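Single-letter residue listing:
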Amino acid sequence: MNILRRIFPVSLQLSKCVPPLSTQQTFALLQRNVSPSGRAISTTVPRLELMEFFDDKKHWGEQEVKHGRGWTKDDLRIKSNSDLHQLWFVLLKERNMLLTMEQECKEKMELFPSPERLDKVKESMDNLEEVVRERNRAYYELETGQTGERPGKVVPNELGIRFYYRAFEHVIPKYANPKWNERHKFTYGGNAVRKFLRLYRERLYNEKRKLRNRERNEVVHLLRRFPNIDRETLAQRFPSVDVEKLYKLDKIRLN
């Protein structure tokens, strides 16, 4: 592997500088990562070298790698804060390894085995972050009556398109920070911008109208082909269409 040839000498130097862990120390570290309730956290043996950026050698050249499912929110809610902190770095390490192997497969023009592993790691990290934010919101609402989230507001940009801006701290105040004022202009004006906004809103309206017409035509086609179809399920599938009103049409009922 190209990446392996570049980093292998550095890995050998780092392994010589850092003393290896004994078997008892490794077993003690693994015991700390096991949770008594729920799903246990799976960790690898710490090697403290750059080879951890690569998958196990027995998976090299394989078409498929066996793996489990991602971490759900229900699995993560029963974990302690320390377990979530450890699991975050385990997932981060796994993601870095998968990205390295994916890049190496692209350079070699080979098939990356089981690419869905990246999606499951990303899903697990998103669920973990959401669970941590739930706990933070509950704590701040209990202590201060506020969510504790970064404040924000909906503001327009220079083209008049509105977006949600999250505030963050600066060392220099806003009125004395010319760079921030140049990059963040929450206002717009001019005939050209107004014309752009008019055409932009017209395009959004036409897209919504076409989507609404396509859904209506699809519902009409389903009602004509299957007159006894469950209308409640059809209404849940197409919430923007009045299914009962379409069902009362003569051309549908007589068919």
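Fair warning: this is a prediction, and the values are worked out from it, not measured in the lab. (Residues numbered from 1 in each chain as written. Predicted model: local features only at pLDDT ≥ 70, side-chain atom pairs only at ≥ 80, totals over all residues. Heavy atoms only, no water.)

Some details on helix α7 (residues 191-225)
- Look at α7: 51 Å from first C-alpha to last across 35 residues, which is about the 51 Å you get at 1.5 Å a residue.
- Residues Val193, Leu197, Glu215, Val219, Val220 and Leu223 constitute the buried set of α7. (Helix = DSSP H or I, 4+ residues; strand = E, 2+ residues; numbered from the N terminus. Expected span 1.5 Å × (residues − 1). Buried < 20%, exposed > 50% of the residue type's maximum accessible area, 1.4 Å probe, protein only.)

Overview of the environment of cysteine 105
- Here cysteine 105 is to be found in helix α4 (residues 81-108).
- Residue classification places cysteine 105 among the buried residues on the basis of a relative accessible area of 9%.
- When neighbours within four sequence positions are excluded, cysteine 105 is seen to be in contact with Glu110, Leu111, Phe112 and Pro113. (Contact = heavy atoms within 4.5 Å.)

Regarding the confidence of the model for the chain
- In this model, the chain carries a mean pLDDT of 79, and residues with pLDDT of at least 70 account for 74%.
- Within the model, the stretch residues 18-24 combines pLDDT values under 50 with four contacts to residues more than four positions away or in other chains.
- Taken as a whole, residues 33-38 scores under 50 in pLDDT and shows 10 contacts with residues more than four places along the chain or in a different chain. (pLDDT = per-residue confidence, 0-100.)

Thoughts on the packing of aromatic side chains
- Evaluated as defined, the whole model comprises six aromatic pairs.
- Residues tryptophan 180 and phenylalanine 186 carry aromatic rings whose centres are separated by 6.1 Å and whose planes lie at 80° to one another, so their mutual orientation is edge-to-face.
- When its relative accessible area of 27% is taken as the criterion, phenylalanine 186 is described as partly exposed.
- Summarising the aromatic geometry, the rings of phenylalanine 196 and tyrosine 200 are spaced 5.8 Å apart at their centres and angled 20° between planes, so their arrangement reads as stacked. Taken together, the positions of phenylalanine 196 and tyrosine 200, both in helix α7 and four residues apart, correspond to about one turn of that helix.
- Residue class for phenylalanine 196 comes out partly exposed when judged on its relative accessible area of 33%.
- Connected via pairs of aromatic rings, a cluster forms that spans Phe163, Tyr165, Phe168, Trp180 and Phe186.
- The aromatic ring of phenylalanine 238 is capped on one face by arginine 237, whose charged end is 4.7 Å from the ring centroid. (Phe/Tyr/Trp six-rings, centres within 6.5 Å; stacked < 30°, edge-to-face > 60°. Lys NZ or Arg CZ within 6 Å of the ring centre and 35° of its normal.)

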